[in-house]
There are 4 protein chains.
Amino acid sequence: MRGFGLTSDGSVGWVEHPRPTCGPLDAIIRPTHLSPCTSDVRVAHGWVDSRTDLVLGHEAVGVVDEVGALVASFQPGDLVAVPCVTPDWLAPGVQHRRRTGHDTGEQASYKFASAKDGVMAQFFHVNMADANLAHIPDGVDPEAALMSADMMPTGLRAVEVAEVGFGETVAVIGIGPVGLMAVAGAVLRGAGRVIAVGTRPSASEVAMRYGASEVISYRDGRLSDKLRTLADGTGPDKVIIAGGDAETLAEAVRAVRAGGIVANVNFMHSTDTLNLPLSDWGLGMADVDIRGAFCPGGGQVTAAMLKLIEYERIDPTLLITHRLQGWDALPEAFQLMAAKPPNLIKPIVILN
Amino acid sequence: MRGFGLTSDGSVGWVEHPRPTCGPLDAIIRPTHLSPCTSDVRVAHGWVDSRTDLVLGHEAVGVVDEVGALVASFQPGDLVAVPCVTPDWLAPGVQHRRRTGHDTGEQASYKFASAKDGVMAQFFHVNMADANLAHIPDGVDPEAALMSADMMPTGLRAVEVAEVGFGETVAVIGIGPVGLMAVAGAVLRGAGRVIAVGTRPSASEVAMRYGASEVISYRDGRLSDKLRTLADGTGPDKVIIAGGDAETLAEAVRAVRAGGIVANVNFMHSTDTLNLPLSDWGLGMADVDIRGAFCPGGGQVTAAMLKLIEYERIDPTLLITHRLQGWDALPEAFQLMAAKPPNLIKPIVILN
Amino acid sequence: MRGFGLTSDGSVGWVEHPRPTCGPLDAIIRPTHLSPCTSDVRVAHGWVDSRTDLVLGHEAVGVVDEVGALVASFQPGDLVAVPCVTPDWLAPGVQHRRRTGHDTGEQASYKFASAKDGVMAQFFHVNMADANLAHIPDGVDPEAALMSADMMPTGLRAVEVAEVGFGETVAVIGIGPVGLMAVAGAVLRGAGRVIAVGTRPSASEVAMRYGASEVISYRDGRLSDKLRTLADGTGPDKVIIAGGDAETLAEAVRAVRAGGIVANVNFMHSTDTLNLPLSDWGLGMADVDIRGAFCPGGGQVTAAMLKLIEYERIDPTLLITHRLQGWDALPEAFQLMAAKPPNLIKPIVILN
Amino acid sequence: MRGFGLTSDGSVGWVEHPRPTCGPLDAIIRPTHLSPCTSDVRVAHGWVDSRTDLVLGHEAVGVVDEVGALVASFQPGDLVAVPCVTPDWLAPGVQHRRRTGHDTGEQASYKFASAKDGVMAQFFHVNMADANLAHIPDGVDPEAALMSADMMPTGLRAVEVAEVGFGETVAVIGIGPVGLMAVAGAVLRGAGRVIAVGTRPSASEVAMRYGASEVISYRDGRLSDKLRTLADGTGPDKVIIAGGDAETLAEAVRAVRAGGIVANVNFMHSTDTLNLPLSDWGLGMADVDIRGAFCPGGGQVTAAMLKLIEYERIDPTLLITHRLQGWDALPEAFQLMAAKPPNLIKPIVILN
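Starting afresh in each chain, residues are numbered from 1 along the sequence in its written order. Written order decides the labels, with chains lettered from A and ligands numbered from 1. With pLDDT at 70 or above as the cut-off, local features in this predicted model cover only qualifying residues; side-chain atom pairs require 80 or more to be listed or tallied, and sums for whole chains, interfaces and linings still use all residues. Heavy atoms from the whole structure form the basis of all side-chain values; hydrogens and water molecules are not counted.

**Q** I'd like a rundown of the interface of chain A and chain D, residues and numbers included.
**A** Should any heavy atoms of two residues lie within 4.5 Å, those residues are considered in contact. On the chain D side, the residues contacting the 44 residues of chain A number 44 residues. Both sides together, the interface formed by chain A and chain D hides about 3,900 Å², and carbon and sulfur atoms give 52% of it. Contact with chain D buries area across many residues of chain A, yet R98, M285 and D287 of chain A alone supply 20% of it, more than any other trio. Only one rule defines a salt bridge in this text: a Lys or Arg side-chain nitrogen within 4 Å of an Asp or Glu carboxyl oxygen. For the interface between chain A and chain D, the tally reads 3 salt bridges. D289 of chain D is the salt-bridge partner of R98 of chain A, the closest N and O atoms lying 3.5 Å from each other. Polar contacts, as counted here, are pairs of nitrogen or oxygen atoms within 3.5 Å of one another; within protein the pair requires one atom able to donate a hydrogen and one able to accept it, and residues that are adjacent in sequence qualify only if both atoms are side-chain atoms. On inspection of chain A and its partner chain D, the count reaches 22 residue pairs in polar contact (both at pLDDT 80 or more). Counting from the N terminus, the helices are DSSP H or I runs at least four residues long and the strands are E runs at least two residues long. Of all the secondary structure elements, the ones that give two or more residues to the side of chain A that touches chain D are β13 (261-264), β14 (273-277) and β15 (289-292) of chain A. The rule for pairing is simple: two strands pair if DSSP sees at least two bridges between them. By the bridge criterion, 3 bridges tie β15 of chain A to strand β15 (residues 289-292) of chain D in an arrangement that is antiparallel. Bridge pairing in β15 of chain D places I290 of chain A opposite I290 of chain D. Once two parts are brought into contact, the accessible area they lose, counted with a 1.4 Å probe and summed over both, makes up the buried area.

Structure, rendered in structure tokens:
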């Protein structure tokens, strides 16, 4: 079957892989909607490690093509949303209380385009289908459902990890699609003032539509000073990091109030060592938490996202700036994500 | 000075009390906006205990008239919102971790029209002003701020106590003003489907405007059966009780899913003993919590409510169905609250 | 193979069942140590529902005899502890955030002697072995490990659900083996004063060895009055129910302080409807929670219990008052549990 | 009156200050037991900022000498324990939900030898006595109570912030008196294996008496490697920092398991910027929290510590290695804390 990803020489392009095999607990999915993610670009650039001969992609909606003998809740023909994190639910880590649907190790439950081929192929494999798929309810737009794979649960997870409370002031640094979902999520969680930090006009406009109180730029003076000033002089109650560079964590720690939380969901890779400014961290005694979070795993998180769409609490399709049609458009979608033209937030490819 | 409440023979009417004395930590407030509450009706009816010669009322916005020598953050002329719960912040209970701003005993920090005169007088007394008042920000409508005294924080507290999570199904039983704030709060906290239970058309309409997915009636068959059916057959994740009768708790326990929470903020008084149906409570082993909550105390909770108004996350003025003018309208406002005509949610009296 | 339980006419005795079949994810265990539980007596008495032809028992330590083709972490010959709650880890309920290792419904993940044969047979079946078994570390006494199946995790779960904090006063009503583990657990969680409630001298002695500050009797006046008096007049911070009768919940609610938690782990069956005294529950507004909990499921909880034994934080063998030898002693062990002679806490049967 | 601290030229010695004035909410205490703390040495060394003419000390037990007119719960002659953190309970920060008894800013509620004179004087001042003092129960050794001022609540706060659970593996880096209380606290909270990190033989011996499973040295190879190896290869569930140098945070982050928590209660001052190794922090996506905590404030925390002493859950007097007698011994006690001879953990001075 045809797939899009890293070829045998490590360049980006089409690969020809056998259709994946379906184990007794698993499902094979035929995607109907795909979306490339910045993470795919990172894998392609070798920022994590050097890979070849690998199908990319971890955001898909599709139709069940085959299920294993032990699968009970899904059958061929079902339209499903697929979380980007698909744990092995028999691994001990899943039972760990502070992690939401992760198995062993750090990102081991993130399997697409990592431990195995990703979703950008005619068929892809989902482990433990009963636990790692979600039915798309009638009336839910598959394009919206596509955003439940990674953008929504990651952005909303940041809000949960930040323990956003009623009336709190929340800063969201970075207004790529995950940051925008964090903005929408902070509003949806009951924040008062929500300060988004970013520069792209189209993303800023969407941030305002999702309820940001204002969008400020990285470029207008020191970010931490600005956030402190805007937030009553004491700093935001919570700072969510969904973008930025090697200095962002230090700036977030400088900005947040005593007793606050800095929650990161950004894939940080631009440096080996982050600087943590000790005085700004209250000499380690200011009740400030620095939390590093990740997209939760499993079909129930996806199902919760689909409920938010179904009951019109959030409209993730505002993220979709580019809609391309058909398999042959995949390379262009990928290049869009890599090039990030000013008006792009999230491209999707509609397959049928 | 003139006050409205219980006269020396226990009937409802005007009383003449001396202006309250201001202790060193306290403030004297001149109200500009008042709202009677069902609780005032209850006190007047002697449902709690028999009282005479007592000013009623615990929902007010006003202007600081006098402050004690040790008050630092407020001065005469300040426009303030006043929480209905004003703890003694030096009492040990305030330091209790599971209670939000309560001092000793059960409702001891609820002082207006209970341990002392209420707010329906030309002047009223607030203990520990620095901790128990909140400045009203520029641009916040005082009528909206008036709802931050009790309706908003009680309704939103129910949502916190119920630990409403993203995408969850929440039932709110009772759509008086507190129940409506619980509906709005559940939506604001990220619930998916929100099922309101009530019968009054005007309140139903407001429930829908606050984001209820539907309003069902107590009268259309057994409530618990209906809630279970609507909520995927397993029952709502959370059930909030903000109204009802002696059977409501049992119905809520019957309805809620295993692992769910029933959160009560209703003043329950229609019976001495509630029935807890054991089988429906999973024989005490279904991980179902029954939680009894109360309006949190202190000016910071009020300040958080004002932030929600300031940043337009919630518009509590939808609750206000009747606006009366001037001191002489107070008896009529009280009678409205007692009589509850079909189109009434919340009456207010504007004093200047 | 031979098993002990309910015969085809519903009486207690030996049954002859085929050796269970091992599915691809499962394991077949040959028990080496068994212990009957009060729950077995209840099943035998038909208190839950009428059953016939069912092997009883859910507390076992044993040796793996066979594993399914997909089992990775266990192999024949391994000595294992078996939790009494063995969820289906692919069911959606497992991903529910407030429940610890439960699948669908109320007690559906409690499968032994319920949905299938229990452990009192030459061989028994464990579903999803990788997730539902725990290796017994070297140096851990199998008799102690046997208590990790139900007594320890249920007693300690009560302590978790009660959110016992440093220095708090905790009452534990009922000093059967689960209550005794709750006493030990409260001490191990940092409680200050721990008041055990019970009457049996041998259990009282063990309660004191586990760190109870005192043991009081149900018989010396009204329990709630006594608990309030002992606990500074305000009542214990937390009340754990691990025994009692139809009035125990009401008494616990009467006793606990405002802002406190009543946590039940008792199988309540002596009435259809519990009485919840409204005034004592603070009219539903005293921030008092009533929580109904159950033994958590899965091998990781068992592994945590084994760590507590391995590092000598708790010695559950103090519970074991009667040690019987060999298969033929099983009926006597069961009769002991049913008759509950004064000196009995927990009988075990050692099979080899 | 005589006090010990920083003289007008900034050297350590005796100062003569007027007896402090008692405000209406306050108390004046005559200390009976004092203990110098490493923090006093830091202030004397000017590590925080340069101070002169300041009485040192924040750990005291004493007798109430005078109370303000508004104080209700204490009277002259009462024997009291005094928390080192004494918040202004009317400041807004006290109502902040994530901070336990702190008022404004980072350490603003830490007032002794900072915003005002410390406790090492014939008399010292306590603000808001009703909220910031605790009666010492009959039978509680005042020497033990002295440890409730700072050592116990700081060490036990680390354990709370680390969310230590039943059976978890906990590493405690640093076995000064706070670290030793963290060891005792981890055991008291239900940890399984507790690995203490330190080198001083006398402290190591006390760590073992408090229940450490082992004491390892900073010197035997890389600490993070060693902790990972000891803790099943995956790293401790929780790492508490109560000592160390500029590299300790990085080592803790390297050691802790995915999903774990690093909790700091150490006063970090040996560097301006901490290094946070990004790969070891799971690229910010491993659900690892880095939390900076501080001693909680207020008399109720002290009261909880006294309960732990009263009910013999913890014996903090194991910390006391040097007992000196009388006012004239204060300089020697201070010098001991500054010089830290090998056999010293905590010196105290008994004044009558």
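There is more to say after this.
**Q** Go over the interface of chain D and chain B, please, and point to the residues and values.
**A** Taken together, the contact between chain D and chain B spans 20 residues of the former and 20 residues of the latter. Between chain D and chain B, a total of about 1,600 Å² is buried, with carbon and sulfur atoms accounting for 62% of that surface. When the buried area of chain D at its contact with chain B is split by residue, L90, Q95 and R97 of chain D rank highest and sum to 41% of it. Summed over the shared surface of chain D and chain B, the number is 0 salt bridges. Linking chain D to chain B there are 6 residue pairs in polar contact (both at pLDDT 80 or more). Looking at the side of chain D that touches chain B, the elements that each hand over two or more residues are α2 (129-132), α4 (151-161) and α9 (299-310) of chain D. The element best represented in the side of chain D that touches chain B is α9 of chain D, accounting for 3 residues. Note that Gly is not counted as nonpolar here; it falls among the polar residues with everything else outside the nonpolar set of Ala, Val, Leu, Ile, Met, Phe, Trp, Tyr, Cys and Pro and the charged set of Asp, Glu, Lys and Arg. Its residues placed into classes, the side of chain D that touches chain B shows 10 nonpolar, 6 polar and 4 charged.

**Q** Describe helix α7 (residues 223-230) of chain B, with residues and values.
**A** Think of it in three bands: with a 1.4 Å probe and only protein chains considered, a residue is buried below 20% of the maximum accessible area for its type, exposed above 50%, and partly exposed in between. All of the buried residues in α7 of chain B are L223, S224 and L227 of chain B. For α7 of chain B, the angular spread of the buried residues around the axis is 95°, confining them to a single face. Picture the helix axis, draw a direction to every C-beta atom, and the arc is the one those directions span.

**Q** Just give me the short version of the relation of the copies chain A and chain D, but keep the residues and values in it.
**A** Fitting of the copies onto one another was done by least squares over C-alpha atoms, counting residues only where both copies have pLDDT of at least 70. Overlay of chain A on chain D (RMSD 0.0 Å): rotation 180°, translation along the axis 0.0 Å. Such a turn and shift between the copies fits a two-fold axis. The fraction of interface residues of chain A whose copies in chain D are also interface residues reaches 100%, indicating that both copies meet through the same surface.

**Q** Can you lay out the packing of aromatic side chains for me, pointing to particular residues and giving the numbers?
**A** Aromatic pairing here means that ring centres of Phe, Tyr or Trp (its six-membered ring) are within 6.5 Å. Orientation follows from the plane angle: under 30 degrees is stacked, over 60 is edge-to-face, and everything else is tilted. Under the criterion given, the structure shown has 16 aromatic pairs over all chains. Aromatic side chains F4 of chain B and W14 of chain B sit 5.4 Å apart centroid to centroid with 75° between the ring planes, which places their arrangement in the edge-to-face category. Here F4 of chain B is found in strand β1 (residues 2-6), whereas its partner W14 of chain B is found in strand β2 (residues 12-16), with 10 residues between them in sequence. When the centroid spacing of 5.7 Å and the interplanar angle of 65° are considered together, the rings of F4 of chain B and F334 of chain B count as edge-to-face. Residue F4 of chain B is located in strand β1, and its partner F334 of chain B is located in helix α10 (residues 330-339); the two are separated by 330 residues in the primary sequence. F334 of chain B shares its class with F4 of chain B; the two are buried. An aromatic cluster is built from F4, W14 and F334 of chain A, whose rings are joined through pairwise contacts.

**Q** Help me get a handle on the pairing of strand β15 (residues 289-292) of chain B, residues and values and all.
**A** Residues and elements named next belong to chain B. Of the two faces of β15, the one holding D289 and R291 and the one holding I290 and G292 are both buried throughout. Judged from the 4 bridges that link them, strand β13 (residues 261-264) and β15 form a sheet pairing that is parallel. Counterpart to A263 in the pairing with β15 is R291.

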